[in-house]
Amino acid sequence: MPDSATRKPRSGKSRHWPLSLDRIERSAKSASERAMTTADAQTLRPQRPLSDALREANRVRSAPVGHSDLQAFRQNMVVRLRQAGCHDEGVLAAMNAVPRHLFVDSALAAQAYEDTSLPIGLGQTISKPSVVARMIELLRQRPGGPALDRVLEIGTGCGYQAAVLAHVAGHTVSIERLLGLHDRARRQLEPLQLPGITLVYGDGRLGHGPAAPYDGVIAAAGGRDLPGAWLEQLARGGRLVAPVQDPALGTQVLMVVDKLLDGSIVQRSHEAVRFVPLESGTSDG
C-alpha cells in the first residue's frame, strides 16, 4: 500500500541552480548516437492535448471485457514495445505486471493497452505506454547501473508510472501538485498493495528533500530549465530523465542528465517531446 504525505518538501539553496541548458556540459556523441532513426525524428507526444484524448476515449466505449482478455491485451502491448525497440527485460516485465486498465475509466479498459493517452480527469492524461517504457529504460541506463534503490517521480498523475517504477526500484517517491489526482492515485494504487511507494502532495519543482538522495529522477512535465532541487537531490552516479525546452532547437526535448561520481553534470538530448508544462505550487482543485 502506498504511503501518503501532505507536507510540502523543502529544498536547500544553491547558487548553482537552476541550471539552464547552456550551463550543462554536452557530452560528445558517437556517429551511431548522432544518427537519428525515423522514430527519433518524430515528436514523441506522451500526453496529447486533452481534446484529442477525449476524442480517443469516445471512439470506442468498450463493452465489459474479461480478465483473460485484458491479460492478453497487456501481453500484446509488451510484444509491441519490444518490437518498437525496448530491450530492457526488467522494464518489459514491469509493464506486463501492472494492470494499466485499472488507472483509466472502466469503459476504456480495452483501450488501455493501445499506445495512446487517455483522459484521467482534471484536464490531465495518462502517458502512452511507449513513453513510460522509454523513460524508465533510459533511467535504468544510468552510470551507476540498472539497480535503482530510490527514485523521485515528478507528477504522479493517475499513479500508473509509479506502479511500474515499483517493480524496478526499491522505493519510489512520487509527488503531485493537484490534490484531486494525488487522492485518485492513492485510491487506485491501494488495491495493488505495491511496496515501496510514497505519495506526496506538494510542489514538484521542489522535489522531496526528506527522502533524498535519489538514484533516479523522472518527470512527467517540462519547463525551460531544470529545477535546482532535482539536481541537488540526485545522488552521485544517478540519472535524471525529464522533458526540457531546448533554446537552440526551439522545441521540447527528452533530456537525460547524469551526475557523475565526481559530482560533475553531463547531459544528452534525445527525441523531441511534448509534455504538459511544469508548474509551481499546489492546487486543491
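Quantities reported herein were computed from a predicted structural model and do not represent experimental measurements. (Residues numbered from 1 in each chain as written. Predicted model: local features only at pLDDT ≥ 70, side-chain atom pairs only at ≥ 80, totals over all residues. Heavy atoms only, no water.)

1. Considerations on the overall build of the chain
Test applied: Helical segments are the DSSP runs of H or I of at least four residues, strand segments are the runs of E of at least two, and each set is numbered from the N terminus. Accessible area is worked out with a 1.4 Å probe on protein chains only. A residue is then buried under 20% of its type maximum, exposed over 50%, and partly exposed in between. Each accessible area is a Shrake-Rupley result for a 1.4 Å probe, and residues are judged covered by the shown protein chains and nothing else.
When helices and strands are tallied, the chain shows nine helices and eleven strands. Buried positions account for 51% of the 285 residues belonging to the chain. Working note: accessible area of the chain is about 12800 Å², and carbon and sulfur atoms make up 50% of it.

2. Remarks on helix 5 (residues 89-97)
Convention followed: The arc in question is the one traced by the directions running from the helix axis out to the C-beta atoms. Any two residues having at least one pair of non-hydrogen atoms within 4.5 Å are treated as being in contact. Pairs of N or O atoms within 3.5 Å make up the polar contacts considered here, provided that, within protein, one atom can donate a hydrogen while the other can accept it, and that residues adjacent in sequence are counted only when both atoms are side-chain atoms.
For helix 5, the set of buried residues is V91, L92, A94 and M95. All buried residues of helix 5 lie within an arc of 160° about the axis, which places them on one face of the element. Where helix 5 is buried, its residues touch helix 4 (67-83), helix 6 (129-140) and helix 7 (160-165). Structurally, the start of helix 5 carries an N-cap: the backbone nitrogen of G90 is 2.9 Å from a side-chain oxygen of D88.

3. Concerning the pattern of salt bridges
The condition is simple: For salt bridges, the criterion is a side-chain nitrogen of Lys or Arg within 4 Å of an Asp or Glu carboxyl oxygen.
Counting across every chain of the model gives eight salt bridges. A salt bridge links D183 to R186; the nearest nitrogen and oxygen atoms lie 2.9 Å apart. Of this pair, D183 and R186 both sit in helix 8 (residues 179-189), three residues apart, which is roughly one turn of that helix. One salt bridge connects R239 with D258, and the closest N-O pair in it is separated by 2.6 Å. Here R239 is found in strand 9 (residues 234-246), whereas its partner D258 is found in strand 10 (residues 251-259), with 19 residues between them in sequence. Judged on exposure class, the residue R239 and its partner D258 are both buried. What you see here is one network of salt bridges that share partners, running through R239, D258 and R268.

4. With respect to the packing of helix 5 against helix 6
To keep it simple, the criterion reads: Structural elements are reduced to axes, namely lines fitted to C-alpha atoms, with helices fitted over the stretch in contact, and the angle between N-to-C directions of any two is expressed from 0 to 180 degrees. Here the word oblique covers every angle except those under 35 degrees (roughly parallel), over 145 (roughly antiparallel) and from 65 to 115 (roughly perpendicular). Should the near helix be turned anticlockwise from the far one by less than a right angle, the crossing is left-handed, and should it be turned clockwise, the crossing is right-handed. Think of it as three bins: nonpolar holds Ala, Val, Leu, Ile, Met, Phe, Trp, Tyr, Cys and Pro, charged holds Asp, Glu, Lys and Arg, and polar takes everything else, Gly as well.
Put simply, helix 5 and helix 6 touch, their axes get as near as 9 Å, and they point 140° apart. The orientation of helix 5 relative to helix 6 falls into the category oblique. For the pair helix 5 and helix 6, the sense of crossing is right-handed. Touching G90, V91 and M95 of helix 5 are P129, V132, A133, I136, E137 and R140, all from helix 6. Here the contact of helix 5 with helix 6 is composed, by residue class, of six nonpolar, one polar and two charged.

5. Let's talk about the pairing of strand 11 (residues 265-272)
Rules: Pairing between strands is defined by DSSP: at least two bridges between them are needed.
In terms of residue burial, strand 11 counts as a mostly covered element, since six of its eight residues are buried. In this structure, the hairpin formed by strand 10 and strand 11 is closed by a connection of five residues, where G263 is found at a positive phi of approximately 90°.

6. Brief notes about the confidence of the model for the chain
Inclusion rule: Looking at any residue, its pLDDT shows the predictor's confidence there, from 0 to 100.
The pLDDT averaged across the chain works out to 83; a share of 77% of its residues lies at or above 70. For the stretch residues 6-44, pLDDT sits under 50, and the model shows 74 contacts to residues farther than four places along the chain or on other chains.

7. A closer look at unusual backbone geometry
When glycine is set aside, most residues are seen to have a negative phi, and most peptide bonds are trans. Of note, the bond from A212 into P213 is cis; its omega dihedral lies within 30 degrees of zero at 5°. A positive phi angle is found at L122, which is not glycine, with a value near 55°. Looking at where L122 falls in the secondary structure, it is placed in the loop between strand 3 (118-121) and strand 4 (124-126). Backbone geometry at Q193 places phi at a positive 55°, although glycine is not the residue there. Assignment of secondary structure puts Q193 in the loop between helix 8 and strand 7 (197-201).

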